[in-house]
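Remarks on the overall topology
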Amino acid sequence: MTARIEFRLNATDGKARTGVIATPRGDIRTPAFMPVGTAATVKAMLPESVAATGADILLGNTYHLMLRPTAERIDALGGLHKFMNWQKPILTDSGGFQVMSLSGLRKMNEEGVTFKSHIDGSRHTLTPERSMEIQRLLGSDIVMCFDECTPFPAEEKVALESMRMSMRWAQRSRDAFGDRPGHALFGIQQGSIFRDQRAESAEKLSDIGFDGYAVGGLAVGEGQEMMFDVLDYAPDMLPQDKPRYLMGVGKPDDIVGAVARGIDMMDCVLPSRSGRTGQVFTRHGVVNIKNARHQDDPRPLDEACTCPACRSYSRAYLHHVFRAQEMISGMLLTWHNLHYYQELMQGMRDAITAGTFEAFQAAFHAQRAEGDI
Ligand SMILES: CNc1nc2cc3nc[nH]c(=O)c3cc2[nH]1
Ligand SMILES: [Zn+2]
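Treat the numbers as computed from the prediction; the structure is a model and nothing was measured. (Residues numbered from 1 in each chain as written. Chains lettered and ligands numbered in written order. Predicted model: local features only at pLDDT ≥ 70, side-chain atom pairs only at ≥ 80, totals over all residues. Heavy atoms only, no water.)

**Topic: the site of ligand 1**
Taken together, Phe97, Asp147, Cys149, Ile188, Gln190, Gly216, Gly217, Leu218, Ala219, Val220, Met247 and Gly248 are the residues near ligand 1. The side chain of Asp147 places a nitrogen or oxygen atom 2.7 Å from a nitrogen atom of ligand 1. Between ligand 1 and Leu218 there is a distance of 2.7 Å, counted from a nitrogen atom to a backbone nitrogen or oxygen. Contact with the protein chains covers 84% of the free accessible surface of ligand 1, which is 360 Å². Across the shell around ligand 1, the residue classes tally to 7 nonpolar, 4 polar and 1 charged. (Near = heavy atom within 4 Å. Polar contact = N/O pair within 3.5 Å; in protein donor to acceptor, adjacent residues only side chain to side chain. Areas by Shrake-Rupley, 256 points an atom, 1.4 Å probe, with all protein chains shown as cover. Nonpolar A, V, L, I, M, F, W, Y, C, P; charged D, E, K, R; others polar.)

Laid out in structure tokens, this is it:
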């Protein structure tokens, strides 16, 4: 059991890294993928099922939980881990990104953001200080700074002002977080697609000092090519002895490309959301289970997959229950997708350890068909 959170780098292969983030609630093997547990649940999954897929950590959303059931209520009930029956590590985001994408009637200034709840229209305020308090009340193991995700595209001077405000908020987040052994605070790099701004942001964050560093401001519509262009230099600007977290990513090939560029942690709603919309990720590409061609197909989604969906059900059955909008459809496809994502992460950890990451990448791309399979 470790009192503080520490990152141990075990192997590198090119820019790719593998290691362990040791926390009081358990170890996080990196590169790590975090399933998203927005409203204190990974939708359609029991916590024990999420653990069975291989996830070491999951993400909770401050914005949703502060609105319902409120952070104070979760704290009074023993904290988020107890509340949602997940005893492994939890990373919570700071709420800022979702305020901008989900809430109504927002007003932002140097102090923070006031907004109306998308649930009941009630008015709320998020500041760096309030976000730190909420994440403390939730009991999360890894806390994210309160920042502004600079919209894309942004004029260079707009991006610069946005980044500099986020850096002032990062300092306020750090000051409000205090010293909490066993809990980590991660800073978030901004600067959009502008190299000099990314450098200024990284320098400022490093001066303040954090337990980990996120690359923010990406996966906001810039597309994979532009995202990779930024990732070709931005992670290297961050302290190499701390975890690097790419927020909101992504499709399987985004994830492999990000790990190849030095990213250690990622989160994305894609595998779970797609599980509910019938989009299935496999080593050979994407299966859209609602397509009529699966109607009589007795084969599993993926012969080589050991998840409950692939072990015991045919594509024909999964096509049927999806079409019939049966709950088991979301359960089985979400489980499969999260299992596939964790298998992908394990494959990359093994390849980096063995020094065969380049071959892993080549095989990953060679076996995937373009379009639906
Ligand atoms: C789905 N894409 C995506 N989710 C994000 C969450 C974020 N949170 C804080 N700060 C960010 O810059 C940020 C960027 C993000 N991109
Ligand atoms: Zn499967």
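Having seen the model, we can carry on.
**Focus on the pattern of salt bridges**
Overall, the coordinates contain 16 salt bridges when judged by the stated rule. A salt bridge links Arg172 to Glu129; the shortest N-O distance between them is 2.8 Å. On the criterion of sequence distance, the pair formed by Arg172 in helix H7 (residues 156-177) and Glu129 in helix H6 (residues 128-138) is long-range, its members being 43 residues apart. Since its relative accessible area comes to 18%, Arg172 is described here as buried. Each of Glu72, Arg130 and Glu133 takes part in one network of salt bridges that share partners. (Salt bridge = Lys/Arg side-chain N within 4 Å of Asp/Glu carboxyl O. Helix = DSSP H or I, 4+ residues; strand = E, 2+ residues; numbered from the N terminus. Buried < 20%, exposed > 50% of the residue type's maximum accessible area, 1.4 Å probe, protein only.)

**Structural notes on the packing of aromatic side chains**
In total, this model carries 8 aromatic pairs according to the counting rule given. Summarising the aromatic geometry, the rings of Phe281 and Tyr341 are spaced 5.8 Å apart at their centres and angled 75° between planes, so their arrangement reads as edge-to-face. Here Phe281 is found in strand S15 (residues 279-282), whereas its partner Tyr341 is found in helix H14 (residues 327-354), with 60 residues between them in sequence. Here the two residues Phe281 and Tyr341 agree in accessibility, since each one is buried. (Phe/Tyr/Trp six-rings, centres within 6.5 Å; stacked < 30°, edge-to-face > 60°.)

**Thoughts on the nonpolar core**
Counting 73 residues, the largest nonpolar core has Leu231, Leu246, Ile255, Met266, Met348 and Phe357 as its most contacted members. Ranked by residues supplied to this core, first place goes to H14 with 8 residues. With residues up to four places along the chain from it excluded, the contact list for Leu246 reads Val215, Leu218, Leu231, Ala258, Ile263, Met265, Met266 and Asp267. (Core = buried A, V, L, I, M, F, W, Y, C linked by side-chain atoms within 4.5 Å. Contact = heavy atoms within 4.5 Å.)

**What about the coordination of the zinc ion (ligand 2)?**
At this site the zinc ion (ligand 2) is bound by Cys305 (SG), Cys307 (SG), Cys310 (SG) and His336 (ND1), with donor distances of 2.1 to 2.3 Å. The site at the zinc ion (ligand 2) holds 4 donor atoms, and with the angles between them running 102 to 113°, its shape is tetrahedral. Note on Cys305: relative accessible area 8%, which makes it buried. Using a relative accessible area of 1% as the deciding quantity, one classes Cys307 as buried. (Donors = N, O, S within 2.8 Å, 3.2 Å for Na, K, Ca; no water. Tetrahedral: all angles 85-135°; square planar, octahedral: opposite > 155°, others 65-115°.)

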